[in-house]
Amino acid sequence: MIHKRNFAHAVAIGVMVFMGAAPVSANAILRDLDRSGMVQGDVNIMMRSAASLYSEGRGKVGDEVSWKNPNTRADGVVRIISVEGACVTLAHRFRPKGAEPARGLRTKRCLMDGIWVLSAP
């Protein structure tokens, strides 16, 4: 069994390592995800799916990708809602364990020195 504190710590590390995030921005996302019912595997799949939209630098407003974790039945959609310079803002809609209604989260990534960094949305 994963304890809540260990899960929160694992998500924070995963978010910061995957996105090169500053701790303050990662903490806000961590709080939202911790309350969402998502598990680490769900978060990993959602973040990898999101990165597939912008990592090549070709993402445009309206581009989206669906994701699903067959192990937990969690699923969702990530959509680019704005592109400004070297930054993209993403809208995440997800259903932990297939639950209704879907939950939402917005994130922003900016390309800095070749690395996509989490920024305040």
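Parameters at a glance
Residues numbered from 1 in each chain as written. Predicted model: local features only at pLDDT ≥ 70, side-chain atom pairs only at ≥ 80, totals over all residues. Heavy atoms only, no water. Helix = DSSP H or I, 4+ residues; strand = E, 2+ residues; numbered from the N terminus. Pairing = 2+ DSSP bridges. Axes fitted to C-alpha atoms, helices over the stretch in contact; angles between N-to-C directions. Contact = heavy atoms within 4.5 Å. Buried < 20%, exposed > 50% of the residue type's maximum accessible area, 1.4 Å probe, protein only. pLDDT = per-residue confidence, 0-100. Salt bridge = Lys/Arg side-chain N within 4 Å of Asp/Glu carboxyl O. Expected span 1.5 Å × (residues − 1). Core = buried A, V, L, I, M, F, W, Y, C linked by side-chain atoms within 4.5 Å.

Caption draft 1: Summary view of the environment of Ala-28. With respect to the element layout, Ala-28 can be found in helix α2 (residues 23-36). Through-space distance from the C-alpha of Ala-28 to that of Ala-120 is 9.4 Å; in sequence the pair is 92 residues apart.

Caption draft 2: Examining the environment of Arg-106 more closely. By the secondary structure assignment, Arg-106 is in strand β4 (residues 103-112). With 26 residues separating them along the chain, Arg-106 and Ile-80 place their C-alpha atoms 9.8 Å apart.

Caption draft 3: Just the sheet that holds strand β2 (residues 74-84), in detail. Within the open sheet, the five strands sit side by side as β1-β2-β3-β4-β5. Their pairing is antiparallel. At either end of the open sheet lies a strand with only one pairing partner, and these are β1 (64-69) and β5 (115-119). Pairs of neighbouring strands in the sheet enclose a mean axial angle of 30°, with direction left out of account. Pairing of β1 with β2 involves six bridges; the strand directions are antiparallel. Directly across from Lys-68, in β2, lies its bridge partner Asp-75. Its contacts with the sheet place helix α3 (residues 40-54) against β1, β2, β3 (87-95), β4 and β5, and it is angled at close to 160° to β1.

Caption draft 4: Layout of the pairing of β5. Burial of β5 is extensive: four of the five residues sit out of reach of the surface. Pairing between β4 and β5: five bridges, direction antiparallel. The partner of Met-112 across the bridge, within β5, is Ile-115. As consecutive antiparallel partners, β4 and β5 are separated by two residues, and within that stretch Asp-113 has a phi angle of approximately 50°, a positive value.

Caption draft 5: Structural detail: the side chain of Thr-89. By secondary structure assignment, the location of Thr-89 is in strand β3. With relative accessibility at 12%, the residue Thr-89 sits in the buried group. Beyond its immediate sequence surroundings of up to four residues, Thr-89 is in contact with Arg-79, Ile-80, Ile-81, Ser-82, Thr-107 and Lys-108.

Caption draft 6: Spatial organisation of the confidence of the model for the protein chain. Counting all residues, the mean pLDDT for the protein chain is 79, and 79% of those residues have values of 70 or more. The low-confidence segment residues 1-24 (pLDDT under 50) makes 36 contacts with residues lying over four places distant or belonging to another chain.

Caption draft 7: Local environment of the pattern of salt bridges. Within the structure shown, the criterion is met by four salt bridges. One salt bridge in this structure joins Arg-79 and Glu-64, with 2.3 Å as the shortest N-O distance. Linking Arg-79 in strand β2 with Glu-64 in strand β1, this pair joins segments that are 15 residues apart in sequence. The residue Arg-95 makes a salt bridge to Glu-100 at a minimum N-O spacing of 2.6 Å.

Caption draft 8: Fine view of α3. Across its 15 residues, α3 extends 22 Å between first and last C-alpha, which sits within 8% of the 21 Å expected from 1.5 Å per residue. Within the span of α3, buried status applies to Asp-42, Val-43, Ile-45, Met-46, Met-47, Ser-49, Ala-50, Ala-51, Leu-53 and Tyr-54.

Caption draft 9: Local environment of the nonpolar core. Judged by nonpolar contacts, the single largest core of 21 residues is most densely connected at Leu-33, Met-46, Tyr-54, Trp-67, Val-78, Leu-90 and Phe-94. With eight residues, the single largest contributor to this core is α3. Dropping the residues within four chain positions of it, Val-78 is found in contact with Met-46, Ala-50, Leu-53, Asp-63, Glu-64, Val-65, Trp-67, Leu-90, Ala-91 and His-92.

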